[in-house]
Amino acid sequence: MEFETHGVRVYYQEQGTGKPVLLLHGWGGNADSFAPVYQFVSRKAHAYAIDFPAHGRSQTPQEPWRVDDFAQVTRAFIERMHIRGCDVIAHSFGARVVLKLAAADPALFSKIVLTGGAGILPKRGFSYYWRVYTFKLLKKMARIGWIRSIVKAFGVDLQARTQNAGSEEYRALPEQMKRTFSLVVNEDLTGCLEQIQNSTLLIWGTEDTATPLWMGELMEKKIRDSGLVRFEGCGHFAYLDRLPQFLAIIDNFLLSEETA
């Protein structure tokens, strides 16, 4: 199924009856990234899952987007489906959207589950900033024809150097999405954490390298009504690495009659 908002068509799926539970996937994924969780939830509640714009079956925006844009699409979906006050389960990038929305409007959600949640800037040392500013300098030089020609005479291809820079995830993106990716990953949402009033459960893999455990620990410290569950030895997709345990936890936190 699809709906249109903010100039893009957005794919979604829904299944089940009862209290609404929204599932929000991570960057580069889609609604199917939560498939086993979605199927489990839909047996006890009314499950909803969307493909964020530029992901899965949803349309790609023509202009660069920020987290705010993805958040507004998600808000529009919640309002369209009349599910204000839904519970939400979000992974990685999906957590960025939830942090933005919950900080601004606590009544939009009831309970929150974040697993491997993004939104906090990583700790960066001198070597990171050296690479970043060197890359920016090379990009500027590559745009100037006479500099490019002189440097190439010495066996250095500036255009090739800049095209091969950045993470593998960044290089794999369509050209129109690279600016969006940069805007998203460089926005620090730490300031949202203390504004969140919802009961929040954080589930983290101790070996997560994309969103390291210290990020989950910081979220637990700053979100007033929160708790952190550590899955030992698991990575960024801890909810899949330990699927039975993850399902048991969300069943108890979100779906059992005692907590409904």
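Quick notes on the rules
- Residues numbered from 1 in each chain as written.
- Predicted model: local features only at pLDDT ≥ 70, side-chain atom pairs only at ≥ 80, totals over all residues.
- Heavy atoms only, no water.
- Helix = DSSP H or I, 4+ residues; strand = E, 2+ residues; numbered from the N terminus.
- Buried < 20%, exposed > 50% of the residue type's maximum accessible area, 1.4 Å probe, protein only.
- Contact = heavy atoms within 4.5 Å.
- Areas by Shrake-Rupley, 256 points an atom, 1.4 Å probe, with all protein chains shown as cover.
- Phe/Tyr/Trp six-rings, centres within 6.5 Å; stacked < 30°, edge-to-face > 60°.
- Lys NZ or Arg CZ within 6 Å of the ring centre and 35° of its normal.
- Axes fitted to C-alpha atoms, helices over the stretch in contact; angles between N-to-C directions.
- Parallel < 35°, antiparallel > 145°, perpendicular 65-115°, else oblique.
- Nonpolar A, V, L, I, M, F, W, Y, C, P; charged D, E, K, R; others polar.
- Pairing = 2+ DSSP bridges.
- pLDDT = per-residue confidence, 0-100.
- Arc of directions from axis to C-beta.

Some thoughts on the overall build of the protein chain
Of the regular secondary structure elements, the protein chain holds 12 helices and eight strands. Residue burial in the protein chain is summarised as follows: out of 260 residues, 48% are buried. In the protein chain, of all internal contacts separated by at least 6 residues, the share reaching a separation of at least 24 is 72%. Total accessible area on the protein chain stands at roughly 12,800 Å², and carbon and sulfur atoms take up 50% of it.

A word on unusual backbone geometry
Positioned with a positive phi, H6 is a non-glycine residue whose angle comes to about 50 degrees. Relative to the elements of secondary structure, H6 occurs in the loop between β1 (2–5) and β2 (8–15). Residue S92 is not a glycine yet carries a positive backbone phi of 50 degrees. Mapped onto the elements, S92 comes out in the loop between β5 (86–91) and α3 (93–104). Judged by its relative accessible area of 11%, S92 falls in the buried class.

Some details on the environment of L23
Residue position: L23 is located in strand β3 (residues 20–24). Separated by 66 residues in sequence, L23 and I89 have C-alpha atoms that sit 4.9 Å apart. With residues near it in sequence (within four places) discarded, L23 still touches F34, V37, Y38, A47, Y48, A49, I50 and I89.

Focus: the packing of aromatic side chains
Under the counting rule described, the total for this entry stands at 14 aromatic pairs. Both rings, one in F52 and one in F93, keep their centres 5.1 Å apart while their planes meet at 75 degrees; by these two values the pair is edge-to-face. In this pair, F52 sits in the loop between β4 (46–50) and α2 (67–81) while F93 sits in helix α3, placing the two residues 41 residues apart along the sequence. A single burial state applies to F52 and to F93, both of which are buried. Cation over ring: K111 sits above F253, and NZ or CZ is 4.9 Å from the ring centre.

Let's talk about the packing of α2 against α3
One way to put it is that α2 packs onto α3 with a least axis distance of 9 Å and a crossing angle of 75 degrees. Judged by the angle between their axes, α2 and α3 are roughly perpendicular. Contacts between α2 and α3 involve V67, D68, F70, A71, T74 and R75 from the first element and F93, R96, V97, K100 and L101 from the second. Grouping the amino acids of the contact of α2 with α3 by side-chain chemistry returns six nonpolar, one polar and four charged.

With respect to the pairing of β4
Most of β4 is tucked away: five of the five residues are buried. Where β2 lies against β4, four bridges are found, and the strand directions are antiparallel. Considered in β4, the bridge of E14 is made with Y48. Where β3 meets β4, four bridges bridge the pair, whose relative direction is parallel. Of the residues in β4, the one forming a bridge with L22 is Y48.

A word on the side chain of H91
Turning to its location among the elements, H91 is positioned in strand β5. Residue H91 is classed as buried on the basis of its relative accessible area, which comes to 2%.

As for the confidence of the model for the protein chain
Averaged over all residues, the pLDDT of the protein chain is 86; the fraction at 70 or higher stands at 79%. Taken as a whole, residues 126–138 scores under 50 in pLDDT and shows six contacts with residues more than four places along the chain or in a different chain.

Re the environment of Q245
Among the structural elements, Q245 can be located in helix α12 (residues 243–255). For the pair formed by Q245 and F231, sequence separation is 14 residues and the distance between their alpha carbons is 9.0 Å.

Notes on helix α10 (residues 213–222)
Among the residues making up α10, those that are buried are L213, M215, G216 and M219. The buried residues of α10 occupy an angular sector of 160 degrees when projected down its axis, which confines them to one face. Close packing links the buried residues of α10 with α3, β6 (109–115), α9 (190–193), β7 (200–205) and β8 (226–231).

Some thoughts on the sheet that holds β7
One open sheet holds the eight strands; their spatial order is β1-β2-β4-β3-β5-β6-β7-β8, and the pairing between them is mixed. Looking at the sheet topology across the chains shown, the edges are occupied by β1 and β8. Between one strand axis and the next, the sheet turns by 20 degrees as a mean value, whatever way the strands run. Pairing of β3 with β5, which is carried by four bridges, proceeds in the parallel orientation. For L23, the partnering residue across the bridge sits in β5 and is I89. Seen against the sheet, α2 touches β1, β2, β3, β4, β5 and β6 and runs at an angle of roughly 120 degrees to β1.

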